[in-house]
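An overview of the molecular structure
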Amino acid sequence: MKKILIVIYDMRIGGAQKSLLSFLQELSAADLGAAYDVHVMPMNPVGEFLSQIPSTIHIDHPPRVLQWMGTRMNWRLLRRLSIRGLAGEIAWMFRKKLG
């Protein structure tokens, strides 16, 4: 059995969400349950389409740290920290090299 994990931000009404829902309904209707183990992980588990996912599809909830990282403000914060961290690592390497 092959495992498939599909990650999406949320299941609110939108183009990507509707396409995913149609795809999942086709998978469920084709009765491919013996060949595939399909899991959907919405990073923000809300939305009108969430309740319409077929029962043969598993809905996984992400760990809290991934939910926290999913907000726009937190992505900006993480980006700043990683850039500062990279700059600090480069400065440390030059200091070490120069002695």
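Quantities reported herein were computed from a predicted structural model and do not represent experimental measurements. (Residues numbered from 1 in each chain as written. Predicted model: local features only at pLDDT ≥ 70, side-chain atom pairs only at ≥ 80, totals over all residues. Heavy atoms only, no water.)

Of regular secondary structure, the chain possesses three helices and three strands. Walking the chain from its N terminus toward its C terminus, one meets helices and strands in the order β-α-β-β-α-α. Going through the 99 residues of the chain one by one, you find that 24% of them count as buried. Counting only contacts in the chain whose residues sit at least 6 apart along the sequence, the fraction spanning at least 24 positions is 59%. (Helix = DSSP H or I, 4+ residues; strand = E, 2+ residues; numbered from the N terminus. Buried < 20%, exposed > 50% of the residue type's maximum accessible area, 1.4 Å probe, protein only. Contact = heavy atoms within 4.5 Å.)

Here His39 is to be found in strand 2 (residues 36-42). Overall, the relative accessible area of 19% leaves His39 in the buried class. A polar atom in the side chain of His39 sits 3.2 Å from the side chain of Asp37. The residues touching His39, leaving out its near neighbours within four places in the chain, are Ile4, Leu5, Ile6, His58 and Asp60. (Polar contact = N/O pair within 3.5 Å; in protein donor to acceptor, adjacent residues only side chain to side chain.)

Ordered in space as 1-2-3, the three strands form an open sheet in which the pairing is parallel. The outermost strands of the open sheet, each flanked by one partner alone, are strand 1 (2-8) and strand 3 (58-59). Pairing of strand 1 with strand 2, which is carried by seven bridges, proceeds in the parallel orientation. Within strand 2, the position partnered with Lys3 by the bridge is Asp37. With respect to the sheet, helix 1 (residues 15-29) is in contact with strand 1 and strand 2, its orientation differing from that of strand 1 by roughly 160°. (Pairing = 2+ DSSP bridges. Axes fitted to C-alpha atoms, helices over the stretch in contact; angles between N-to-C directions.)

Before going further, it helps to spend a moment on the environment of Met1. In this structure, Met1 sits in the segment before strand 1. It is 6.7 Å that separates the C-alpha atoms of Met1 and Asp37, two residues lying 36 residues apart in sequence.

A separate point is the confidence of the model for the chain. Averaged over all residues, the pLDDT of the chain equals 78, while 63% of them reach at least 70. Within the chain, helix 3 (residues 72-98) has the poorest average pLDDT of any element, 59, and strand 3 the best, 94. (pLDDT = per-residue confidence, 0-100.)

Given 3.6 residues to a turn, an α-helix orients residues that are three or four positions apart in the same direction. A rise of 1.5 Å per residue sets the reference length of helix 1, with its 15 residues, at 21 Å; its end C-alpha atoms lie 21 Å apart and thus fit the reference within 8%. Restricting attention to buried positions, one finds in helix 1 the residues Gln17, Leu20, Leu21, Leu24 and Leu27. Within helix 1, the buried residues cover an arc of 125° as seen down the axis, which keeps them to one side. Facing away from the buried surface of helix 1 by more than 90 degrees, the exposed residues are Gly15, Ser19, Glu26 and Ala29. A positive backbone phi angle near 55° is found at Asp31, which sits one or two residues after helix 1. (Expected span 1.5 Å × (residues − 1). Arc of directions from axis to C-beta.)

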